[in-house]
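Here are the chains, one letter per residue:
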Protein chains: 2
Amino acid sequence: MDGGVIKRSPVTSSQVAEHAGVSQSAVSRTFTPGASISPKTRAKVLAAAKELGYRPNAIARSLITNRSRIIAVVMAYLENLFYPDVLEELGRRLAAENYHVLLFTGFKDRDSDPVFDQLMQYRVDGIILASTSLSSELSEECTVAGIPVVLFNRTTERNETSSVTTRNREGGRLLGQFLLAGGHRSFGYIAGLENSSTNRDRFTGFRSALAEAGIHDIVVRTGNYSRAEAETAAREIFALEERPEALFVANDHMAVAVMDVARYEFGLRIPEDLSIVGYDDVGPARWQSYGITSVTQPISAMVEATVDILMDQIESGEIEARHKIIPGELVVRSSARLPGTGIVEIDGRRIYRPEGGS
Amino acid sequence: MDGGVIKRSPVTSSQVAEHAGVSQSAVSRTFTPGASISPKTRAKVLAAAKELGYRPNAIARSLITNRSRIIAVVMAYLENLFYPDVLEELGRRLAAENYHVLLFTGFKDRDSDPVFDQLMQYRVDGIILASTSLSSELSEECTVAGIPVVLFNRTTERNETSSVTTRNREGGRLLGQFLLAGGHRSFGYIAGLENSSTNRDRFTGFRSALAEAGIHDIVVRTGNYSRAEAETAAREIFALEERPEALFVANDHMAVAVMDVARYEFGLRIPEDLSIVGYDDVGPARWQSYGITSVTQPISAMVEATVDILMDQIESGEIEARHKIIPGELVVRSSARLPGTGIVEIDGRRIYRPEGGS
DNA sequence: TCATTGGTTGCATACGTATGCAAAGTGGAA
DNA sequence: TTCCACTTTGCATACGTATGCAACCAATGA
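Analysis parameters
Residues numbered from 1 in each chain as written. Chains lettered and ligands numbered in written order. Predicted model: local features only at pLDDT ≥ 70, side-chain atom pairs only at ≥ 80, totals over all residues. Heavy atoms only, no water. Near = heavy atom within 4 Å. Polar contact = N/O pair within 3.5 Å; in protein donor to acceptor, adjacent residues only side chain to side chain. Helix = DSSP H or I, 4+ residues; strand = E, 2+ residues; numbered from the N terminus. Nonpolar A, V, L, I, M, F, W, Y, C, P; charged D, E, K, R; others polar. Expected span 1.5 Å × (residues − 1). Buried < 20%, exposed > 50% of the residue type's maximum accessible area, 1.4 Å probe, protein only. Core = buried A, V, L, I, M, F, W, Y, C linked by side-chain atoms within 4.5 Å. Contact = heavy atoms within 4.5 Å. Arc of directions from axis to C-beta. Least-squares fit on C-alpha atoms with pLDDT ≥ 70 in both. Pairing = 2+ DSSP bridges. Axes fitted to C-alpha atoms, helices over the stretch in contact; angles between N-to-C directions. Buried area = accessible area lost by both parts, 1.4 Å probe. Salt bridge = Lys/Arg side-chain N within 4 Å of Asp/Glu carboxyl O. Domains from an automatic or database assignment.

**Digging into the protein's contact with DNA strand C**
Thinking step 1. As a matter of local geometry, DNA strand C sits amid 25 residues, with Ser 25 and Thr 41 of chain A together with Ser 13, Ser 28 and Arg 61 of chain B nearest to it.
Thinking step 2. Protein-proximal atoms of DNA strand C, defined as those within 4 Å of the protein, fall in sugar or phosphate at a share of 54%.
Thinking step 3. Separating a base nitrogen of DNA strand C from a side-chain N or O atom of Ser 25 of chain A is a distance of 2.7 Å.
Thinking step 4. In this structure, a phosphate oxygen belonging to DNA strand C sits 2.9 Å away from a side-chain N or O atom of Tyr 54 of chain B.
Thinking step 5. Looking at the surface near DNA strand C, the elements that each hand over two or more residues are helix H2 (24-30) and helix H4 (58-65) of chain A together with helix H2 (24-30) and helix H4 (58-65) of chain B.
Thinking step 6. Taken together, the residues of the surface near DNA strand C sort by class into nine nonpolar, twelve polar and four charged.

**Some remarks on helix H5 (residues 82-96) of chain B**
All names here are of chain B.
Thinking step 1. If you check H5, its first and last C-alpha atoms are 21 Å apart, about what 15 residues at 1.5 Å a residue would give, namely 21 Å.
Thinking step 2. Listing the buried residues of H5 in full gives Phe 82, Tyr 83, Pro 84, Val 86, Leu 87, Glu 88, Glu 89, Leu 90, Gly 91 and Leu 94.
Thinking step 3. Taken from the residues just after H5, Asn 98 is the one with a positive phi, measuring 65 degrees.

**Concerning the nonpolar core**
Thinking step 1. Residues Phe 238 of chain A together with Phe 238 of chain B are the most contacted members of the largest nonpolar core, which totals 94 residues.
Thinking step 2. Residues within four places of Phe 238 of chain B in sequence aside, it is in contact with Arg 243, Leu 247, Val 258, Val 261, Ala 262, Phe 266, Leu 268 and Leu 274 of chain B.

**Considerations on helix H3 (residues 39-52) of chain B**
All names here are of chain B.
Thinking step 1. Over its 14 residues, H3 extends 20 Å from the first C-alpha to the last, a length consistent with the 20 Å expected when each residue adds 1.5 Å.
Thinking step 2. Among all positions in H3, only Val 45, Ala 48 and Ala 49 are buried. Taken end-on, H3 shows its buried residues confined to a sector of 100 degrees, consistent with a single buried face. Facing away from the buried side of H3, by more than 90 degrees, are the exposed residues Pro 39, Lys 40, Lys 50 and Glu 51.
Thinking step 3. Tucked inside the fold, the buried residues of H3 contact helix H1 (13-20) and H2.
Thinking step 4. Phi for Gly 53, located one or two positions after H3, is positive at around 75 degrees.

**Some points on the relation of the copies chain A and chain B**
Thinking step 1. Superposition record for chain A on chain B: RMSD 0.1 Å, screw rotation 180 degrees, translation along axis 0.0 Å. Here the copies are linked by what is in effect a two-fold axis. In terms of proximity to the rotation axis, the leading residue of chain A is Leu 102 of chain A, whose C-alpha is 2.3 Å off the axis.

**As for the sheet that holds strand E4 (residues 149-152) of chain B**
Thinking step 1. Pairing in this open sheet of twelve strands is mixed, and the strands run E11(A)-E5(A)-E4(A)-E3(A)-E1(A)-E2(A)-E2(B)-E1(B)-E3(B)-E4(B)-E5(B)-E11(B) from one edge to the other. The strands lining the two open edges of the sheet, one partner per strand, are strand E11 (323-326) of chain A together with strand E11 (323-326) of chain B. Ignoring strand direction, the axes of neighbouring strands in this sheet form an average angle of 20 degrees.
Thinking step 2. Sheet contacts for helix H13 (residues 299-316) of chain A: strand E1 (70-75), strand E3 (126-129), strand E4 (149-152), strand E5 (162-166) and E11 of chain A; angle to E5 of chain A, the most-contacted strand, approximately 165 degrees.

**What about the interface of chain A and chain B?**
Thinking step 1. The interface is formed by 64 residues belonging to chain A together with 65 residues belonging to chain B.
Thinking step 2. Between chain A and chain B the total buried area reaches about 6200 Å² when both faces are included, carbon and sulfur atoms providing 53% of it.
Thinking step 3. It is Arg 55, Ile 59 and Tyr 122 of chain A in chain A that bury the most area against chain B; as a group they hold 13% of the surface buried on that side.
Thinking step 4. Here chain A and chain B share two salt bridges between them.
Thinking step 5. Two residues, Asp 117 of chain A and Arg 55 of chain B, come together in a salt bridge whose shortest N-O distance is 2.4 Å.
Thinking step 6. When contributions to the side of chain A that touches chain B are tallied by element, the ones reaching two or more residues are H4, helix H5 (82-96), strand E2 (100-105), helix H6 (112-121), helix H7 (136-145) and helix H11 (252-266) of chain A.

**Observations regarding the protein's contact with DNA strand D**
Thinking step 1. Taken together, 25 residues sit near DNA strand D, with Ser 13, Ser 28 and Arg 61 of chain A together with Arg 29 and Thr 41 of chain B positioned nearest.
Thinking step 2. Backbone atoms, meaning sugar and phosphate, make up 56% of the atoms of DNA strand D lying within 4 Å of the protein.
Thinking step 3. Contact distances for DNA strand D include 3.1 Å between a base oxygen and a side-chain N or O atom of Ser 25 of chain A.
Thinking step 4. Take Ser 28 of chain A: an N or O atom from its side chain is 2.6 Å from a phosphate oxygen of DNA strand D.
Thinking step 5. Only H2 and H4 of chain A together with H2 and H4 of chain B provide two or more residues apiece to the surface near DNA strand D.
Thinking step 6. Residues that form the surface near DNA strand D fall into these classes: nine nonpolar, twelve polar and four charged.

**Comments concerning the domain arrangement of chain A**
All names here are of chain A.
Thinking step 1. Each assigned domain of chain A is listed here: domain 1 (13-56), domain 2 (67-166 + 299-326) and domain 3 (168-298 + 329-352).
Thinking step 2. In this complex, domain 2 contributes 16 residues to the contact, which on the side of domain 3 involves 17 residues.
Thinking step 3. When domain 2 packs against domain 3, the two sides together hide about 1300 Å² of surface, and 45% of this comes from carbon and sulfur.
Thinking step 4. Looking only at domain 2, the three residues that lose the most surface to domain 3 are Glu 79, Asn 80 and Thr 166, adding up to 35% of its buried area.

Listed below in structure tokens is the structure:
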């Protein structure tokens, strides 16, 4: 009711030092694990600090240690629940290592250069790129600057930047085999972002599986990993004279939309009239309304690998591109017709493992 | 292939100054909008900066300006898509003001005190609390420290902290009126977090609407805004001898789960056997599989208000608790039986506006 | 007792930038 | 030309912390 409070400047280590009757160094050492400080003065300092409400200034500390303990996470959009899940896990794992997340989100992909500029100004200790590619000049610049970068769920053509991915090629292949084993003979593919490595690899694997069975015609439309565009693509495919019996949608986020269009706009029964498979095994894929047969991308393992790479490179100061590839599994649910064999139950989930499979 | 690169220290303003043949001050002024600098030296500095790959060190700048241009966003969990949507919009809006997001997520609610400690060490310019409450000591501490705090979609008992919310009481009330107008006579409520203001207000409004119609019995179970718990709560309610005809689920995130349980575990038809209404108007509520009748929480307006409050308080240095309440609307879809009157169409959406409504 | 050792402490400085102040430069008017 | 007003520049310092170095202290052994 008194209409605002005048800003009081925060307590500094010198003030604590004076209050405790010691030097500023002693205060600093009190808050530096492993520093040389006697229990007695330490106690004095802690008491004074508590009394004054002192908190070390991480900004000032960064300036001198050259470590901000901040990791930049770049995630252009969060529409696909896969990414928020990743973000949550990243927050958890990085907090455990006493690092913090500076998040860059909500921008158009083509605006990533200014974003990059901002992020570099904060002298972050590492960068996780989860939904944007990086021009190779920028990647180069990071390497020269000694900032580790990890591409999450993405790779680049040249392999100069570290990455964590799953076996997208094998996953696509497995889905192809699964649909073939289910007896399907005509196929469609709703693609993700055209220039993304996940899209390319998943499709390549899928196509190769079909090719081995002598099938070369695949109806392809592009959904760009966007819900709205996936709906449009689905409408186009379902309106075709010869609608494919089986559809691989490049990720679950789009697959959910496609299922809705199939059921509610075209009256198709799934899987009787149409089999749909997806990728990611994200939340809604597991919901009973959808029950999407999908290849998992194990978020926990992927995030763990990402953080491991970053921590290693930050500690060693040596930046050598590492590429971690994590295996996924084909989880069988109800959105696609079942093959006669190859389904095993593990930990309450049904997994597809064909005999000749890798 | 050469096995790592030695970390090169970043370019400093002094190095640029030397290279350009000017003083360090000149470099600083070149990158400070509105500073006194001639076009000629400015050009020289920019050229040198570009050549050396110089970027101002935001950390060092913060130290002297006492402004980090960082806003802490605390969002314990992102499971409910509402929050990722908010996060994306926050990223966008704050980036436009040249602020950045330090995200705290992936922790248990009871661990919020250490989180708070971390966040204070970075001398953030403001704090947005989107899924955690703040003990009143901590709130007090922020005020004294001159750090603006905004509670997003939450209020506290005492109104000492700024907040942005929607008219939860009115929303709950409107949903009650809607269900009554639809002819229902028995009601259930699946609650959110017991101690959250949203849950309390929505239920209070709902109950008051029913009370005015002489209905005082409401079957209540608690879902704590969690999908899993909501499923359990739904199973309990649907197994009752006298299952309510209409169910208000405290948010859409839970409502989606409840609909799945109703349909696929109990074989209930919606809305023929059971009407369900939710809150938030979040993504899945709009999907055709669900089509949840729901009260909107307009994310864009809420985020705008939040950022406005923060910017005001940061600029003025005066922290006076402000409470912004944003109106929502009842969007009518297919998850609940329709009343005979009161539905109007606006911008392609069907909105419920009863005659006597506020 | 003194010398030695190992642990503590304070002093002084460095990190990279912003900014008040005074000096220097510029241009115009008389 | 001289004077004045205004702009531009550099110097010096400050921000809050960490840390090398030297001084100091306590405890131990001879």
